[in-house]
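Inside the fold
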Amino acid sequence: MKLSDLNPHIRYASRLYYSVFENKKQFSICYDCRLFFLENAKGYVVANGEKYDISNGSVLYFPPLTKYRFHFTKTKDFSITVLDFDLINDFSYIENSLNTATEDAFVSDKAPVYPINEALAKPIAKELIKIKPSLRQCCEYFLLKNELYRESSSALLKLCLLELIRNSSKKSSYSELCKNVSDYIYNNYANRELTNTAIAEAFGYHPYHLNQVMKEATGKSLHRHLTDTRINGAKNYLLTTPYSIEEISWKSGFSSTSYFIKAFKDSVGMTPKKYRQAYFYTEL
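Residues numbered from 1 in each chain as written. Predicted model: local features only at pLDDT ≥ 70, side-chain atom pairs only at ≥ 80, totals over all residues. Heavy atoms only, no water.

**Structural notes on the packing of aromatic side chains**
For the coordinates displayed, the defined rule picks out 18 aromatic pairs. Their ring planes at 65° and their centres at 5.9 Å tell us that Phe-36 and Tyr-68 sit as a pair that is edge-to-face. Note that Phe-36 is positioned in strand S3 (residues 33-39) and Tyr-68 in strand S7 (residues 67-72), a separation of 32 residues in sequence. Tyr-68 carries the same exposure label as Phe-36, and that label is buried. Taking the centre distance of 6.1 Å and the plane angle of 40° together, the rings of Phe-91 and Tyr-114 count as tilted. A residue pair is termed long-range when its members are at least 10 positions apart, and Phe-91 in the loop between strand S8 (79-86) and strand S9 (100-101) and Tyr-114 in the loop between S9 and strand S10 (124-127) qualify at 23 residues. Comparing Phe-91 with Tyr-114 shows no difference in burial state: the two are buried. Taken together, the ring pairs in this structure connect Phe-36, Phe-62, Tyr-68, Phe-70, Phe-72 and Phe-78 into an aromatic cluster. Lying across the ring of Phe-27, Lys-67 places its NZ or CZ 5.1 Å from the centre. (Phe/Tyr/Trp six-rings, centres within 6.5 Å; stacked < 30°, edge-to-face > 60°. Helix = DSSP H or I, 4+ residues; strand = E, 2+ residues; numbered from the N terminus. Buried < 20%, exposed > 50% of the residue type's maximum accessible area, 1.4 Å probe, protein only. Lys NZ or Arg CZ within 6 Å of the ring centre and 35° of its normal.)

Shown next as structure tokens:
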């Protein structure tokens, strides 16, 4: 199956709450695919022997025959949006939910069988709150059952699945790059010529692209990484040396003392001088 052949057939869509999962002690096995979007959730799920942590905005995708069990901590306003579906439309004559089964009750012949693309052949867990609007709209179309509801909800689910695949592949592809960039910044932050452009050139990327990679993988921009690293270096100087504020600004890689003081205050909530007065107890 190619990703271009992806044409989800949805059988079930709903929003569930903690009470549904509270007393479930056994593993479940799904006959068709599952997509879970978790809100205000805390805990983990074990799927096919692997443990995946759960938090607000987590998306879980399970292919057919996945064996799974949720372990939730009860939280306020907990909810899960659930969709049951096939990745293709060949079994659209099976309209109603196939549900799940315990290991003892599982009947393998009940599961629709078709080739599955490698990207969707195993469970995926990703914090991806950006798909929430599309997923909500998908469920709304399916539940209201207006004209062309199947086609509309299927198109939206396809977009959500492609976004999940795209972000999951980025995580594995870029994790080592992000670590190497962070190490490079740590080893060179004192250089006042170090900028987004200089860092990107060192790794052979365009500054905009590298900034996007860092932001999507870590939640912080490339510039934020550099500034935070310089501020952490400055904190160490403030608490372990008698250097003046001007000297520390220079040694930490800031372009000017005034900019250093402003950036430090914005990040820490106090000026470098007050920070030293508050935490510097040892006479040098």
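**Digging into helix H2 (residues 132-144)**
The end-to-end C-alpha distance of H2 is 18 Å, a good match for the 18 Å that 13 residues give at a rise of 1.5 Å each. If you check which residues of H2 are buried, you get Leu-135, Cys-138, Cys-139 and Phe-142. Viewed end-on, H2 has its buried residues packed into an arc of 95°, placing them on one side of the element. Positive backbone phi, at 55°, marks Lys-145, one or two positions downstream of H2. (Expected span 1.5 Å × (residues − 1). Arc of directions from axis to C-beta.)

**Comments concerning the confidence of the model for the protein chain**
Interpretation of this model should avoid reading the predicted coordinates in detail wherever pLDDT is low. Summarising the model, the protein chain shows a mean pLDDT of 88, and 95% of its residues fall at 70 or more. Model confidence for the protein chain, summarised as mean pLDDT per element, is weakest for helix H1 (residues 18-21) at 70 and strongest for helix H7 (residues 245-251) at 95. (pLDDT = per-residue confidence, 0-100.)

**What to know about the sheet that holds strand S6 (residues 58-62)**
Strand order in the open sheet made by the 5 strands is S1-S8-S3-S6-S10, with antiparallel pairing throughout. Each edge of the open sheet carries a strand with a single partner, namely strand S1 (9-16) and S10. For this sheet, the mean angle separating the axes of adjacent strands, direction not counted, is 15°. Lying on the sheet, H2 is in contact with S1, S3 and S8; it crosses S1 at an angle near 110°. (Pairing = 2+ DSSP bridges. Axes fitted to C-alpha atoms, helices over the stretch in contact; angles between N-to-C directions. Contact = heavy atoms within 4.5 Å.)

**Concerning the pairing of S10**
Judged by which residues are buried, S10 turns out to be one-sided: Ile-124 and Lys-126 face inward and are buried, whereas Ala-125 and Glu-127, on the alternate face, are not. Note: S6 against S10, 4 bridges, orientation antiparallel. Along S10, the bridge assignment pairs Leu-60 with Ala-125.

**Thoughts on the nonpolar core**
One finds Leu-35, Tyr-61, Leu-83, Phe-85, Leu-87 and Leu-157 to be the most contacted residues of the largest nonpolar core, which totals 29 residues. Taken together, the elements giving at least two residues each to this core come down to S1, S3, S6, S8, H2 and helix H3 (149-188). When residues of this core are assigned to their parent elements, the largest contribution, 7 residues, is made by H3. If sequence neighbours within four positions are ignored, Phe-85 has contacts with Pro-8, His-9, Ile-10, Arg-11, Asp-32, Cys-33, Arg-34, Leu-35, Tyr-61, Leu-157 and Leu-161. (Core = buried A, V, L, I, M, F, W, Y, C linked by side-chain atoms within 4.5 Å.)

**Describing the pattern of salt bridges**
A complete count under the given rule lists 14 salt bridges for this structure. Between Glu-103 and Lys-67 there is a salt bridge, with its nearest N and O atoms 2.9 Å apart. Taken together, the residues span a long stretch of sequence, with Glu-103 in the loop between S9 and S10 and Lys-67 in strand S7 at a distance of 36 residues. Each member of the salt-bridge network shares a partner with another, and the members are Arg-11, Asp-32, Arg-34, Asp-84 and Asp-86. (Salt bridge = Lys/Arg side-chain N within 4 Å of Asp/Glu carboxyl O.)

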